[in-house]
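# Structural features, examined
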Amino acid sequence: MSSPPSAPSAPKPSVFAARDLTKVYRMGEVEVQALRGVSLDLHESEFLVLLGPSGSGKSTLLNILGGLDVPTAGTVTYRGQNLTSADERALTMYRRRHVGFVFQFYNLIPSLTARENVALVTDIVERPMRPEEALELVNLAHRLDHFPSQLSGGEQQRVAIARAVAKRPDVLLCDEPTGALDIATGVLVLQAIDQVNRELGTTTAVITHNAAVSGMADRVVTLSDGRIASDRRNSVKLSPAELQW
Amino acid sequence: MVIRPLDRKLLRDLWTLKGQAFAISLVISAGVAMFIMYLSTFHSLRLTQETYYERYRFGHVFAALTRAPMNVLERAADLPGVARVEARVVVDVTLDVPDLTEPASGRLIGIDVPARPMLNDVFIRRGRFPALGHPDEVLVSEGFALARDLHPGDSIGAMINGRRRELSIVGIALSPEYIYSIRPGELIPDDSRFGIFWMHGRGLAAAFNMEGGFNHLSLTLLPGASEPDVIARLDRLLAPSGGLGALPRSLQTSHWYLDNELAQLQSVGLVLPIVFLLVAAFLLNVVLTRIVSVQREQIAALKALGYTNRELAWHYTKLSLLIGAAGGVLGTVFGAWMGSGMTAIYNDFFRFPILTYNLPANVVFGGVAVSFAAATLGALNAVRRAAALPPAEAMRPEPPARYRHSLLERAGLAHYLSPPVRMILRNVGRQPARAATAVAGVAASISMLILGTFFLDSIGVLLDQQFFVIQRQDVTVNFVLPASARSLHEVRRLPGVIGAEPLRAVPARLRSAQRSRIVSVQGLVAEPELNRVVDVTGGAVRLPPGGLVLSLKLAEVLAVGVGEVVTMEVLDGRRPVREVPVAGIVEEYMGTSAYMEIGALRRLLGEGDSLSGAFLRVDPAEADVLYQRLKGIPFVAGVSLKRSAVESFQRTIAETFYVMIFFNLLFSSVISFGVVYNAARISLSERSRELASLRVLGFTRGEISLILLGELAVVVVLAIPIGLLLGYIFAGALVAAFNTELYRFPLVVTPRTYAYAATVVLIAASLSGLAVRRRLDRLDLVAVLKTRE
């Protein structure tokens, strides 16, 4: 089974426009140059895979797009809103209203059940899904009242995805969502992300160091040493099940 | 009600922390309980006092004099600012109580039977008011009646103007004038040896040749009247009648003691809880900061999901407030219970018609407010950290902690230290600030233990100084009127008297600029063998041939130093007024005293070999015979025995201080356990991963316990000397706060108290160690290693 090829000819409107991003941060006693001039546009409903070895700057880029971090130089706009000059409060509101995050280590609140972890988000946004609905979407309707410690890694990550999509975000940002999972579980998680992108039309960016994942993207950007090494469109978009690991 | 998911997290976090949260709540509750106990007792006493004063028309100004005709009373009533005046005859006599070989004193107060006194009315607990036509019917004060088991229908003998008279008791009474009744010249009340009697004024006046006159006056002021003005006019009016100086209510003996006690309750009730709540805030700070660092990834995720800094700050503040609220509630309940108990104790000590416990809403509110304040203060640092945590950074694992070789290793001792010992030392050295705060917490609890118990040491020294170093006499005899040297010879010849020294005491107002005090100036032989003048540091003092020797407190009150001159207005006899130099100052623990060499005082008074009393040393074998004889000597007005004074002092101490000390101790133990237990739990939570790794590598439970508990031991060992020193410093501060005209407590902390404080902390540390050891034994190796931290 294969998805119909997307039309590369008609570019949709830009959701994100990043220009000349650089980022330097200190880690302990070392100074790290994470981004060295990255420019990138991300379009409506696009499924982007950010590929690159660890330390290539992909997490930093994702954090900046998600309003978790600000660049040292350069600009990012989200639908025309400048994120670079926004203050802490504006960034918080931006994340709250528009962004869904999925992290490599799930970052669920261990003291809350699956349902409660999702409710954490639905509680603070307007027009959310019901937590049960979001968990249904990731096929976890039967695990509503389990605590994270009672769930497998894949299930935890799917709770995280449900938590990210329950607010009906405009963009879904996933940082190594399958990094801590085995292949079979990873596929389940990627299917959930793919489903959200297709059914809700959520603009999605997935970070991975696993080149195989790039097969399911509309577009693949490769980062290397803080720079964009390549930017290509897939003529054929595979379903997660078809990926060759 | 729907609980928001973030609040669910809060409740579950709290449940995980329950041991530590409970320990901190206990510390807070101890502080709040003390606050509530002291302040509610204060308010209960204050309310009772005010109501009592008003209902029973307690006077505003009191004046004693030698004798004045009744027309002086009318002139006093006409003084501007005076509302009501009442004159009485008040006489102190020796009582003859059948089953008491030692003499007791009585104060006879004349009342205008059958009318009730216009001022300073009596409350009749039992029996009835004396009836007209029965001059020997009396009311007796409740304290004395209880101590001597006297009831209406009983009778008691009194030496009235040299003649023994039988007084028949018809009622038991209380008066706002004698809520606290103390024998003249003494510092501690002794209900068994001092009784107040209200009786027919006319009969009393006749017995003491006061018919148509009076020797005591009290008055109330009109609203807005100036008390100093009225007192000045009254003093001028009464001077020709031998006025001893009018006293405002604030210096009236009973009121003054009661007020002192109230002031002490209030200041202790404010100061002690603050110390406890600061310790609680410190503990909360440690625990919450730890939670925030454990939850840094959760916080980052919540921020990524769109939670604001303010929401997260409030989240952690609420955790702290919940712990504070639990402490506040527990403390309020416990404090109210203790407050009602303490009020009951005061009911035995002070005599009120009714003393009901009253817990005002503002005290409860204050208690809850301070517990919240402590909780907020404790949350501040952690909340700031949570808010400041940059979310992107918190996603990344923390860089590994930086370790260094410890000081001992760098000193070349590495060779002698086993790896676990090195780990202990490097851990303490890695986070010196953390180790220092733990040491500070334990040291604070040790200091609280000392603060709670050192009063016993202090009182011991005070007792020894007062009753063994200063007062070496067995008996002090006061005469009705100043007598000649011949009476000293008479006293010397009494059975059992081994030695006697004269006393010439005279009431006088000492004045320096605007400051003045009425005291009894004591004329003593230059180098007394019996009642000595002793400086607490310098030892026995030889009285100079001229000038006054003042106790340090009196010199401070008058603001005079050695070589300066005070005006001495004698309030007796020919009432000379003289400028007298201050020849010396001695530091004493009790009261405010002025001394003079007896010869110099007699010259100042223009008298020969007069004396007003004598100090006696007595052969114990013949003491009973002597006491019997003293009771029957007409010129003897009062006899006080050192043994009884020591006993009543100890009884008073037992009643008040032991209760306070017991509670202080209880609370200090709570604090030390809370601090040590928390320190142990925190290091367990920080190190469990590392310790589990060691277990996997083959270390035994005992060995890993050694590493964890070794740190605790290092903290406790470092904290003990610091805590002992801190305790001494705090004790010094408390002693300074208790410096009143009544007492100055010596700053003494005995080795026994130090040992006690150290022992309690060691026990608390051992118990905490055991609790943590049990947790270590149950450490789930696999689960701990799987967690990413």
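Per-chain numbering applies: the sequence of each chain, read as written, is numbered from 1 onward. Working convention: letters from A go to chains and numbers from 1 go to ligands, in the order in which they are written. In keeping with the model being predicted, local features are shown solely for residues with a pLDDT of at least 70 and side-chain atom pairs are shown and tallied solely at 80 or more, while totals for entire chains, interfaces and linings include all residues.

## Some remarks on the overall build of chain A
- Helix and strand definitions here come from DSSP, where helices need a minimum of 4 consecutive H or I residues and strands a minimum of 2 consecutive E residues; each element is numbered from the N-terminal end. If you tally the helices and strands in chain A, you get six helices and ten strands.
- Computed over its C-alpha atoms, the radius of gyration of chain A comes to 17 Å, within 12% of the 18 Å expected for a compact globule of 245 residues.
- Summarising its shape, the C-alpha atoms of chain A cover approximately 45 × 45 × 35 Å along the three principal directions.
- Neighbour density around each residue's C-beta defines its exposure: 20 or more other C-beta atoms within 10 Å make it buried, 12 or fewer make it exposed, and counts between make it partly exposed, where C-beta atoms are placed from the backbone. Counting all 245 residues of chain A, 50% fall into the buried class. A radius of gyration in this sense is built from C-alpha atoms; the matching globule rule multiplies 2.2 Å by the number of residues raised to 0.38.

## Re the overall build of chain B
- Of regular secondary structure, chain B possesses 22 helices and 22 strands.
- C-alpha atoms of chain B, sized along the principal axes, occupy 100 × 65 × 50 Å.
- Two residues form a contact once the distance between their C-beta atoms, set from the backbone, is within 7 Å. Sequence-distant contacts, at least 24 apart, represent 84% of the contacts inside chain B between residues at least 6 apart.

## Some remarks on the confidence of the model for chain B
- A residue's pLDDT is simply how confident the predictor is in it, with values from 0 to 100. Of all residues in chain B, 94% have pLDDT values of 70 or greater, and the mean over the chain is 85.
- Reported confidences for the modelled complex are a pTM of 0.77 and an ipTM of 0.81.

## Things to note about the domain arrangement of chain B
Residue and element names in this part refer to chain B.
- Where a domain begins and ends is set by an automatic assignment or by a domain database. When the domains of chain B are assigned, the result is domain 1 (1-60 + 246-399), domain 2 (61-245), domain 3 (431-469 + 643-789) and domain 4 (497-618).
- Each partner contributes residues to the interface: domain 2 has five residues there, and domain 4 has seven residues.
- Tallied by class, the residues present in the side of domain 2 that touches domain 4 amount to two nonpolar, three polar and no charged. Polarity classes work like this: nonpolar for Ala, Val, Leu, Ile, Met, Phe, Trp, Tyr, Cys and Pro, charged for Asp, Glu, Lys and Arg, and polar for all others, with Gly in that last group.

## Observations concerning the pairing of strand β21 (residues 611-618) of chain B
All names here are of chain B.
- A large share of β21 lies buried, amounting to seven of its eight residues.
- Only strands that DSSP links by at least two bridges are regarded as paired with each other. Of the pairings in the sheet, the one linking strand β13 (residues 497-512) to β21 comprises six bridges and is antiparallel in character. Each bridged residue has a counterpart across the sheet, and for Val-497 the counterpart in β21 is Val-618.

## Structural notes on unusual backbone geometry
- Pro-114 of chain B follows Val-113 of chain B through a cis peptide bond whose omega is 5°.
- The topology assignment puts Pro-114 of chain B in the loop between β4 (104-111) and β5 (123-127).
- A positive phi angle, near 50°, is found at Asn-107 of chain A, a position not held by glycine.
- Counting through the fold element by element, Asn-107 of chain A comes out in the loop between β6 (99-102) and α3 (114-122).
- Judged by the 25 C-beta atoms lying within 10 Å of it, Asn-107 of chain A falls in the buried class.

## A look at α3 of chain A
- Here α3 of chain A lies mainly inside the structure; nine of its nine residues are buried.
- Within the span of α3 of chain A, buried status applies to Ala-114, Arg-115, Glu-116, Asn-117, Val-118, Ala-119, Leu-120, Val-121 and Thr-122 of chain A.
- Its buried side turned inward, α3 of chain A meets α4 (131-137) and α5 (153-165) of chain A together with α1 (5-16) of chain B.

## Remarks on the interface of chain A and chain B
- Contacts between the two partners involve 23 residues from chain A and, on the opposite side, 21 residues from chain B.
- Every element with two or more residues in the side of chain A that touches chain B is listed here: α2 (88-98) and α3 of chain A.
- The class makeup of the residues in the side of chain A that touches chain B is eleven nonpolar, six polar and six charged.

## Focus: the environment of Ala-34 of chain A
Residue and element names in this part refer to chain A.
- Note on placement: Ala-34 falls in strand β2 (residues 30-43).
- Along the sequence, Ala-34 and Ser-224 sit 190 residues apart, while their C-alpha atoms lie 10.0 Å from each other.
- Those residues in contact with Ala-34 that lie beyond four places of it in its chain are Lys-23, Tyr-25, Gly-57, Thr-60 and Gly-226.

## Side note on the sheet that holds strand β2 (residues 82-88) of chain B
Residue and element names in this part refer to chain B.
- An order of β2-β10-β1-β11 is seen for the four strands of this open sheet, with the pairing classed as antiparallel. Both edges of this open sheet fall to β2 and β11 (247-248), since each of them pairs with a single strand only.
- In this description, a line fitted to the C-alpha atoms serves as the axis of each element, helices being fitted only across the stretch in contact, and the angle between N-to-C directions of two axes falls anywhere from 0 to 180 degrees. Across the sheet, helix α3 (residues 70-77) is in contact with β1 (61-69), β2 and β10 (213-221); its angle to β2 comes to roughly 160°.
- Strands in contact with helix α6 (residues 227-238) are β1, β2, β10 and β11; relative to β1, the strand with the most contacts, it is inclined by about 15°.

## Comments concerning the nonpolar core
- Within the largest apolar cluster, 296 residues are counted, with the highest numbers of intra-cluster contacts made by Leu-50 and Ala-162 of chain A together with Val-27, Ala-280 and Val-442 of chain B.
- When residues of this core are assigned to their parent elements, the largest contribution, 18 residues, is made by helix α2 (residues 18-55) of chain B. In this usage, the nonpolar core is the set of buried Ala, Val, Leu, Ile, Met, Phe, Trp, Tyr and Cys residues whose C-beta atoms join them within 7 Å.

## Section: the sheet that holds strand β8 (residues 203-208) of chain A
All names here are of chain A.
- Strand order in the open sheet formed by six strands is β6-β7-β8-β3-β9-β10, with mixed pairing between adjacent strands. This sheet does not close on itself; its edge strands, each paired only once, are β6 and β10 (227-233). Mean inter-strand twist for the sheet, computed between neighbouring axes without regard to direction, equals 15°.
- Here strand β7 (residues 171-175) runs beside β8; their pairing, made up of five bridges, is parallel. The partner of Cys-174 across the bridge, within β8, is Val-206.

## Digging into the packing of α2 of chain B against helix α10 (residues 361-388) of chain B
All names here are of chain B.
- Interaxial distance between α2 and α10 falls to 9 Å at its minimum, and their mutual angle equals 155°. The pairing of α2 with α10 is recorded here as roughly antiparallel in orientation. In this structure, α2 crosses over α10, and the sense of that crossing is right-handed. Contacts between α2 and α10 involve Ile-28, Val-32, Phe-35, Ile-36, Leu-39, Ser-40 and His-43 on the former and, on the latter, Val-363, Val-364, Gly-366, Gly-367, Val-370, Ser-371 and Ala-374.
- Of the residues assigned to the contact of α2 with α10, the class counts are nine nonpolar, five polar and no charged. Relative orientations are named as follows: roughly parallel for angles under 35 degrees, roughly antiparallel for angles over 145 degrees, roughly perpendicular for angles from 65 to 115 degrees, and oblique for any other angle. Rotating anticlockwise by less than a right angle from the far helix to the near helix defines a left-handed crossing, while the corresponding clockwise rotation defines a right-handed one.

## Regarding the packing of helix α7 (residues 253-294) of chain B against α10 of chain B
All names here are of chain B.
- Packing of α7 against α10 brings their axes to within 8 Å, and their N-to-C directions diverge by 30°. For the element pair α7 / α10, the angle class is roughly parallel. In this structure, the crossing between α7 and α10 has a hand that is right-handed. For the pair α7 and α10, the contacting residues are Pro-273, Leu-277, Ala-280, Ala-281, Leu-283, Leu-284, Asn-285, Leu-288, Thr-289, Ile-291 and Val-292 in the first and Val-370, Ala-374, Ala-375, Leu-377, Gly-378, Ala-379, Asn-381, Ala-382, Arg-385 and Ala-386 in the second.
- Considering only residue class, the contact of α7 with α10 consists of 16 nonpolar, four polar and one charged.

## Focus on the environment of Arg-115 of chain A
Residues and elements named next belong to chain A.
- Locating Arg-115 in the fold gives a position in helix α3.
- Remark: the alpha-carbon pair of Arg-115 and Arg-19, spanning 96 residues in sequence, is separated by 39 Å.
- Those residues in contact with Arg-115 that lie beyond four places of it in its chain are Pro-131, Glu-132, Leu-135, Leu-144 and Asp-145.

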